[in-house]
Amino acid sequence: MVDLKTWLSQQQEKGGLRSLRPVSSRAKGRLTLAGDGNRELIDFSSNDYLALAEHPALIAAAQQALLRFGTGSGASRLMSGDLAVHHELEEAMATLKGKEAALTFGSGYMANTGIIPALMNRHDCVFSDRLNHASIHDGCRLSGARVIRFRHNDLNHLEELLMEKRGTGTALIVVESIYSMDGDRCPLRELVAIKERFGCLLMVDEAHATGVFGAKGGGIIEEDGVSSGVDLAMGTFGKALGSYGAYVAGNREMIDYLLNRARSFVFSTALPPAVAAASLAAVQLIQQEPELRHDLQAKMAYFKGMLRAGGYLADLGPSQIIPIQVGESKAALAKAELLRKERIFATAVRPPTVPEGTARLRFSITRHHSTADLAQAAKALLEVMEL
Ligand SMILES: *Cc1c(COP(=O)(O)O)cnc(C)c1O
């Protein structure tokens with residue numbers, strides 16, 4: 001085991017130490033940090049992209065479920081924790097993703113660490129994008145399969161590796177559709193053609209795309225019209241859907257198998273009824289109100305336009321997640337601190353969350369931000385980046 005004191009001081013030294021900072025109040029995209037007086041910061045670090053976590057429809061659905069069923073679900077789904085609301089939520093997700101069935105999980109981390117090991121074993125290989133979320137990497141590792149990482153979004157590299165290493169076992173390709181720390185987008189149509197050519201399964205994590213992309217909010221899978229080519233359409237309820245938990249949609253056989261074999265599903269308590277009810281309300285809302293997405297799209301375009309007009313030249317990407325590259329962790333932390341002085345709260349994302357030397361400020365745009373907020377943040381950011 002490492003010496004704790006040494007490890008902590010080394011991390012402190014290189015700007016890698018993480019600590020928790022409680023939020024003492026939060027509403028409408030503004031937050032106050034404990035010990036920071038009553039200073040309100042504009043929050044650019046939340047994944048509540050559509051501002052649904054404070055939406056009256058979600059709150060009402062959660063309240064009703066709370067009063068009818070209490071706070072906890074009391075047991076795993078396979079024991080007595082299985083409620084009608086879980087099934088309604090799964091049906092809604094299956095429909096949204098254009099698949100036969102779906103299964104909910106306690107969280108995205110649990111979904112990825114449950115699904116991959118249920119399907120893959122040491123005779124199989126997983127082809128995984130290098131920038132996939134840690135939960136995907138952990139799921140791969142736990143499965144015991146051979147893990148082959150391809151260069152981020154580089155399908156030529158993936159093809160080379162498939163030709164060389166595919167083997168005869170089951171092969172699974174895993175990607176995200178919108179990458180959580182880079183905000184860029186996976187070319188899913190091309191990927192589906194490759195997975196078909198090489199006879200692989202394809203799993204797509206839409207944690208940052210569901211609700212935000214697609215005519216009905218079904219994510220990039222919907223926008224690109226590829227649901228039949230995606231075997232495992234996974235995503236979370238904790239981001240644009242304003243709730244908590246996760247799902248995977250697939251064919252009936254796949255879901256029946258996973259509910260028997262995914263250990264993070266079988267051996268874990270069912271999602272609380274109020275949480276599942278809030279997620280269900282969110283899934284209904286995103287389908288009924290495309291304006292939510294259009295509003296967010298307009299806001300992200302406005303913010304990017306302000307940065308470009310101010311002379312920021314690097315690529316700002318196609319999504320609501322905007323990475324501003326800084327490089328070293330300490331520099332990223334210092335810039336985040338300067339932004340905080342200007343009442344802008346954006347996270348300095350550092351290794352190991354992102355590769356060494358690519359520490360960045362991650363701006364996520366949400367529907368809470370007004371034009372004035374976005375203009376103020378762009379101005380402060382341009383100053384901090386010395387533009
Ligand atoms: C956030 C995230 C997860 C984990 O989801 P939780 O519900 O927060 O555990 C998984 N995959 C991706 C791509 C994510 O961004």
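Residues numbered from 1 in each chain as written. Predicted model: local features only at pLDDT ≥ 70, side-chain atom pairs only at ≥ 80, totals over all residues. Heavy atoms only, no water.

Looking up the chain in an unreviewed UniProt entry gives the name 8-amino-7-ketopelargonate synthase, with the organism given as Thiovibrio frasassiensis. You can read under Subunit (unreviewed entry) in the UniProt record for the chain the words "Homodimer." Checking UniProt for the chain, the heading Sequence similarities (unreviewed entry) contains the comment "Belongs to the class-II pyridoxal-phosphate-dependent aminotransferase family. BioF subfamily." (UniProt positions renumbered as here; feature names shortened; annotations may be inferred.)

Q: I'd like a rundown of the pairing of strand E6 (residues 146–150), residues and numbers included.
A: Side-chain direction in a regular strand flips from residue to residue, so the side chains alternate between the two faces of the sheet. Bridge count between strand E5 (residues 125–129) and E6: five bridges; the pairing is parallel. Along E6, the bridge assignment pairs Phe127 with Ile148. What joins E5 to E6 is helix H6 (residues 134–143), and the crossover it makes is right-handed. (Pairing = 2+ DSSP bridges. Helix = DSSP H or I, 4+ residues; strand = E, 2+ residues; numbered from the N terminus. Right-handed = clockwise from strand over helix to strand, strands pointing away.)

Q: Outline the side chain of His157, supporting the account with residue identities and numerical values.
A: On the secondary structure map, His157 appears in helix H7 (residues 155–165). Side-chain polar atoms of His157 contact the backbone nitrogen of Arg151, separated by 2.9 Å. Apart from residues no more than four positions distant in its own chain, His157 is found in contact with Arg149, Phe150 and Arg151. (Polar contact = N/O pair within 3.5 Å; in protein donor to acceptor, adjacent residues only side chain to side chain. Contact = heavy atoms within 4.5 Å.)

Q: Pulling in residues and values, what's your account of the packing of aromatic side chains?
A: Evaluation of the coordinates by the stated rule reveals five aromatic pairs. Their ring planes at 25° and their centres at 6.0 Å tell us that Phe44 and Phe303 sit as a pair that is stacked. In this pair, Phe44 is assigned in the loop between strand E3 (41–43) and helix H2 (56–69) and Phe303 in helix H13 (residues 291–309), connecting sequence segments 259 residues apart. For the residue pair Phe44 and Phe303, the accessibility class agrees, reading buried in each case. By way of ring pairs, the aromatic residues Phe44, Phe303 and Phe363 are connected into one cluster. (Phe/Tyr/Trp six-rings, centres within 6.5 Å; stacked < 30°, edge-to-face > 60°. Buried < 20%, exposed > 50% of the residue type's maximum accessible area, 1.4 Å probe, protein only.)

Q: For the site of the ligand, give the residues involved together with the corresponding values.
A: The full set close to the ligand counts 13 residues, and Gly108, Tyr109, Asp205, His208 and Lys239 are the nearest of them. Gly108 is positioned such that a nitrogen or oxygen atom in its backbone is 2.7 Å from an oxygen atom of the ligand. If the ligand stood free it would expose 380 Å²; the protein chains cover 85% of that surface. Ranked by residue count, the leading element in the shell around the ligand is helix H5 (residues 108–119), at three residues. (Near = heavy atom within 4 Å. Areas by Shrake-Rupley, 256 points an atom, 1.4 Å probe, with all protein chains shown as cover.)

Q: Requested: an account of the sheet that holds strand E11 (residues 321–327), with residues and values cited.
A: Sheet architecture is open: three strands sit in the order E11-E14-E13, paired in antiparallel fashion. Since the sheet does not close on itself, it has two edges, and those belong to E11 and strand E13 (347–349), each with one partner. Each neighbouring strand pair of the sheet contributes to a mean axis angle of 30°, computed without reference to strand direction. Summarising the sheet, E11 and strand E14 (residues 359–364) pair through six bridges and their orientation is antiparallel. Bridging across to E14, Gly327 finds its partner in Ala359. (Axes fitted to C-alpha atoms, helices over the stretch in contact; angles between N-to-C directions.)

Q: Residue-level account of the nonpolar core, with values.
A: Core analysis: the largest hydrophobic core is formed by 90 residues, its most contacted members being Phe127, Ile173, Val175, Phe303, Ile324 and Phe363. Considering each element in turn, this core owes the most residues, ten residues, to helix H12 (residues 273–288). Residue-level mapping places this core at the junction of two domains, with at least three residues from each of domain 1 (16–45 + 290–384) and domain 2 (56–288). Those residues in contact with Phe127, other than ones at most four positions away along the chain, are Ile148, Phe150, Leu158, Leu161, Leu162, Lys165, Arg166, Ala171, Leu172, Ile173 and Val174. Ile116, Ala118, Met203 and Val248 belong to the second-largest nonpolar core, a separate cluster that totals 26 residues. (Core = buried A, V, L, I, M, F, W, Y, C linked by side-chain atoms within 4.5 Å. Domains from an automatic or database assignment.)

Q: For the UniProt feature "modified residue: N6-(pyridoxal phosphate)lysine" (unreviewed entry) in the chain, give the residues involved together with the corresponding values.
A: Taking the numbering used here, the UniProt-annotated feature "modified residue: N6-(pyridoxal phosphate)lysine" (unreviewed entry) corresponds to Lys239. Assignment of secondary structure puts Lys239 in the loop between strand E9 (232–236) and strand E10 (246–250). The exposure class assigned to Lys239 is buried, which follows from its relative accessible area of 17%. Aside from chain neighbours lying at most four places away, what touches Lys239 is Asn47, Asp48, Tyr49, Ala207 and His208.

Q: A description of H6 should follow, citing residues and the corresponding values.
A: Within H6 the residues assigned to the buried category are Ser135, Ile136, His137, Gly139, Cys140 and Ser143. The secondary structure elements touched by the buried residues of H6 are H5, E5, E6, strand E7 (171–176) and strand E8 (201–205). Just past H6, the residue Gly144 takes up positive phi, approximately 80°.

Q: Any chance you could break down H12 for me, citing the residues and the numbers?
A: Look at H12: 23 Å from first C-alpha to last across 16 residues, which is about the 22 Å you get at 1.5 Å a residue. Counted residue by residue, H12 has twelve buried out of 16 residues, so it is predominantly covered. Those residues of H12 that fall on the buried side of the exposure criterion are Pro273, Ala274, Ala276, Ala277, Ala278, Ser279, Leu280, Ala281, Ala282, Val283, Leu285 and Ile286. On its buried side, H12 packs onto H2, helix H4 (84–97) and H13. (Expected span 1.5 Å × (residues − 1).)

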